[in-house]
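Coordinate analysis (summary)
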Amino acid sequence: LELDKEPAPRRDVVVREEVRNTSGQVEALRYRVRDVDRVVPTDQIAPGTDRLPFAVGDPSEPRLVTLTLDQIVERAATRRILAPVNYTAERIHLVHNQIDQLLCLSRRERGELQGRLVRAFRAEAKAEIRADVGADIEDQAALDLETELGRPATPEELEKEVDRRLEELVDERVPDFVTDTLPELLEQEIAQVLRFDLAPEEMVALQRAGIVALDAVEIIVRRADDGTETPYYRDRPDGNPADNLLALPHYSPPYVPEGVPSPNVRPATRVPEHTS
């Protein structure tokens, strides 16, 4: 968090996974901070920096930092962290036809993955078009520019015009890619980063605390005769049953992405606190 006249929480900082205590209860969350090396304390203290405690994560995952639930709530109340972070349910674990666990991904990361795939497609398509018909495009662009300008185009002008024409041809290919190819590629990418694994009541508790929000569902409370209450999620009617919770792919905890040989065992180790 950097300060100007008032706190401005970073919008790219999102929850990646939960941290549990020895009893299995969620006690903290691990946030992805892309440039954590810039905000971790050093010998020089930058002016205008809000220095609050956080726990440094595993050295193998330097972009993940840990905050306790109390720290998150305190920061959210003073706009020192983005909250709530919006999530989409991606996988479900069923027990006796009831959702026992939800595997979720932040909406922002989903959008980042999709954007990365589209950009990769555009770069590949542009290179392919340039290789196939780039010379013809350059020749035609040179003739058109000379007619338009009344003189031969400079190398910079010609390069800019050729690039514009290439981008237009790429634009024509994008809709088919988005419709026919992107969904499967995006699913494969999402499968590799899923880690936020909570029981519905745990997600509800975080949502009620204002830390997260689960898209396209509403919180329902089931009250038993003995007075106990069990919160759960119910799909909001949207005319598309394919995106309902029960229609999501199933998994068995601990979740293991395809191609990973061993389970993701995340030991409940504590790490020294730092400030930033």
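Criteria and cut-off values
- Residues numbered from 1 in each chain as written.
- Predicted model: local features only at pLDDT ≥ 70, side-chain atom pairs only at ≥ 80, totals over all residues.
- Heavy atoms only, no water.
- Phe/Tyr/Trp six-rings, centres within 6.5 Å; stacked < 30°, edge-to-face > 60°.
- Buried < 20%, exposed > 50% of the residue type's maximum accessible area, 1.4 Å probe, protein only.
- Lys NZ or Arg CZ within 6 Å of the ring centre and 35° of its normal.
- Helix = DSSP H or I, 4+ residues; strand = E, 2+ residues; numbered from the N terminus.
- Contact = heavy atoms within 4.5 Å.
- Pairing = 2+ DSSP bridges.
- Axes fitted to C-alpha atoms, helices over the stretch in contact; angles between N-to-C directions.
- 1 Å grid on protein atoms, 1.4 Å probe; cavity = no way out; pocket = protein on both sides within 12 Å on 5 of 7 lines; lining within 4 Å.
- Points joined across faces, edges and corners; volume = space filled by probe spheres on them.
- Parallel < 35°, antiparallel > 145°, perpendicular 65-115°, else oblique.
- Left-handed = near helix turned anticlockwise from the far one by under 90°.
- Nonpolar A, V, L, I, M, F, W, Y, C, P; charged D, E, K, R; others polar.
- Polar contact = N/O pair within 3.5 Å; in protein donor to acceptor, adjacent residues only side chain to side chain.
- pLDDT = per-residue confidence, 0-100.
- Salt bridge = Lys/Arg side-chain N within 4 Å of Asp/Glu carboxyl O.

One pass over the structure, following the stated rule, counts 3 aromatic pairs. Ring centres of Y251 and Y255 lie 6.0 Å apart, and the angle between their planes is 85°; this geometry places the pair in the edge-to-face category. Its relative accessible area of 11% is what places Y255 among the buried residues. Sitting over the ring of Y232, R222 keeps its end group 4.3 Å from the ring centre.

Attention shifts here to the side chain of E109. Along the polypeptide, E109 turns up in helix α3 (residues 107–149). Here E109 falls in the buried class, since its relative accessible area comes to 5%. Those residues within four positions of E109 in sequence are excluded, and the remaining contacts are V14, V15, R16 and R32.

What follows deals with the sheet that holds strand β5 (residues 85–95). Taken in spatial order, the 4 strands make up an open sheet running β7-β6-β5-β8, and their pairing is mixed. At either margin of the open sheet sits one strand with a lone partner, and together these are β7 (196–198) and β8 (212–214). Ignoring which end each strand starts from, the neighbouring axes of this sheet average 40° apart. Set on the sheet, helix α5 (residues 200–208) makes contact with β6 (98–106), β7 and β8; between it and β7 the angle comes to about 110°.

Evaluated as defined, the whole model comprises 2 cavities of 30 Å³ or more. What the second largest cavity holds in volume is close to 30 Å³. What lines the second largest cavity is V15, R16, Y87, C104, L105, S106, E109, V193, L194, R195 and F196. Those elements giving two or more residues to the lining of the second largest cavity turn out to be β1 (14–20) and β6. The element contributing the most residues to the lining of the second largest cavity is β6, with 3 residues.

Take the pairing of β6 next. The pairing of β5 with β6 spans 8 bridges and is classified as antiparallel. Paired with H93 across the bridge in β6 is Q101. What sits between β5 and β6 in their antiparallel hairpin is a turn of 2 residues, with H96 showing a positive phi close to 55°. Pairing analysis gives 3 bridges linking β6 to β7, with the strands arranged antiparallel. Considered in β7, the bridge of L103 is made with D197.

This part is about the packing of α3 against helix α4 (residues 155–193). Relative to each other, α3 and α4 sit at 160°, their axes nearing to 4 Å. It follows that α3 is roughly antiparallel to α4 by the angle criterion. Of the two possible hands of crossing, α3 and α4 adopt the one that is right-handed. In terms of residue class, the contact of α3 with α4 is built from 23 nonpolar, 2 polar and 15 charged.

Within the secondary structure, E229 sits in strand β10 (residues 229–235). Filtering out sequence-adjacent residues up to four positions away, E229 remains in contact with V221, R222 and R223. There is a polar contact of 3.0 Å between the side chain of E229 and the side chain of R223.

Another point: the confidence of the model for the protein chain. Per-residue confidence for the protein chain gives a mean pLDDT of 85; residues scoring 70 or more make up 82%. Considering only residues more than four positions removed or in separate chains, one finds that residues 262–276, a stretch of pLDDT under 50, has 39 contacts.

Evaluation of the coordinates by the stated rule reveals 26 salt bridges. Between R30 and E17 there is a salt bridge, and its shortest N-O distance comes to 2.4 Å. Note that R30 is positioned in strand β2 (residues 26–32) and E17 in strand β1, a separation of 13 residues in sequence. Neither residue differs from the other here; R30 and E17 are each classed as buried. Between E18 and R20 there is a salt bridge; the shortest N-O distance is 3.5 Å. The buried category is assigned to E18, whose relative accessible area is 7%.

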